[in-house]
Amino acid sequence: TTMTLTGIVMAQVGNGFAMRTHRQSILAVGFFSNRLRLWGIGAELLGLAALMYVPALQKVFSTAPLTLHEWGVMALFAPTLLIADEIRKYFLRRSSRRPDNEGGTVSELAPDPT
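In what follows, the accompanying structure is described. (Residues numbered from 1 in each chain as written. Predicted model: local features only at pLDDT ≥ 70, side-chain atom pairs only at ≥ 80, totals over all residues. Heavy atoms only, no water.)

With respect to the pattern of salt bridges
Here the structure, examined in full by the defined rule, presents three salt bridges. Here D85 and R88 are joined by a salt bridge, their closest N and O atoms 2.8 Å apart. Of this pair, D85 and R88 both sit in helix α6 (residues 77-96), three residues apart, roughly one helical turn. D85 gets classed as buried once you look at its relative accessible area, which sits at 10%. A salt bridge links K89 to E86; the nearest nitrogen and oxygen atoms lie 3.6 Å apart. One end of the pair is K89 and the other is E86, both in helix α6 and three residues apart, which spans about a single turn. (Salt bridge = Lys/Arg side-chain N within 4 Å of Asp/Glu carboxyl O. Helix = DSSP H or I, 4+ residues; strand = E, 2+ residues; numbered from the N terminus. Buried < 20%, exposed > 50% of the residue type's maximum accessible area, 1.4 Å probe, protein only.)

A look at a nonpolar patch on the surface
Nonpolar side chains collect at one region of the surface, where I83, I87, Y90 and F91 lie side by side and expose about 410 Å² of accessible area between them. Tracing the backbone shows I83 in helix α6. On the accessibility criterion, I83 (53% relative accessible area) is exposed. (Patch = residues over 30% accessible without salt bridge, like charges linked within 9 Å, V, L, I, M, F, W, Y side chains within 5 Å. Areas by Shrake-Rupley, 256 points an atom, 1.4 Å probe, with all protein chains shown as cover.)

What to know about the packing of aromatic side chains
Inspection of the entire model under this criterion finds three aromatic pairs. Between F17 and F31 the ring centres are 5.6 Å apart and the planes differ by 65 degrees, which places this aromatic pair in the edge-to-face class. In this pair, F17 is assigned in helix α1 (residues 2-18) and F31 in the loop between α2 (26-29) and α3 (35-53), connecting sequence segments 14 residues apart. Relative to F32, the ring of F31 lies with its centre 6.4 Å away and its plane at 50 degrees, an arrangement referred to as tilted. One aromatic cluster is present, formed by F17, F31 and F32 through successive ring pairs. (Phe/Tyr/Trp six-rings, centres within 6.5 Å; stacked < 30°, edge-to-face > 60°.)

Observations concerning the packing of α1 against helix α5 (residues 68-75)
It is the contact of α1 with α5, at a shortest axis distance of 9 Å, that shows an interaxial angle of 35 degrees. Once α1 is placed against α5, the crossing between them reads as right-handed. For the pair α1 and α5, the contacting residues are M3, T6, G7 and M10 in the first and E70, W71, M74 and A75 in the second. Considering only residue class, the contact of α1 with α5 consists of five nonpolar, two polar and one charged. (Axes fitted to C-alpha atoms, helices over the stretch in contact; angles between N-to-C directions. Left-handed = near helix turned anticlockwise from the far one by under 90°. Contact = heavy atoms within 4.5 Å. Nonpolar A, V, L, I, M, F, W, Y, C, P; charged D, E, K, R; others polar.)

Okay, here's the thing in structure tokens:
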């Protein structure tokens, strides 16, 4: 239960960074440019830690503390999701610059606000 919950939370941390823009790279936008997002991620991780390390919450949610090795495995979820989305954005940016048959550029389904 704890590993599943932690995996979901860590994947959402990566997703939170990845979804800052639909097309631009997080490297262009910056990891630390949105302080409120950082506070939210910090609160999310503190809540997760409370579920794992506060005995009363452990009983209610059937969680247990993770080992250092387990934390290491879970820490890989966020960058894996972020890298996968960066690859998707790269191909999206690359395909939108490709000329179409009429000599223009390939149109997008929905414009990116960023």
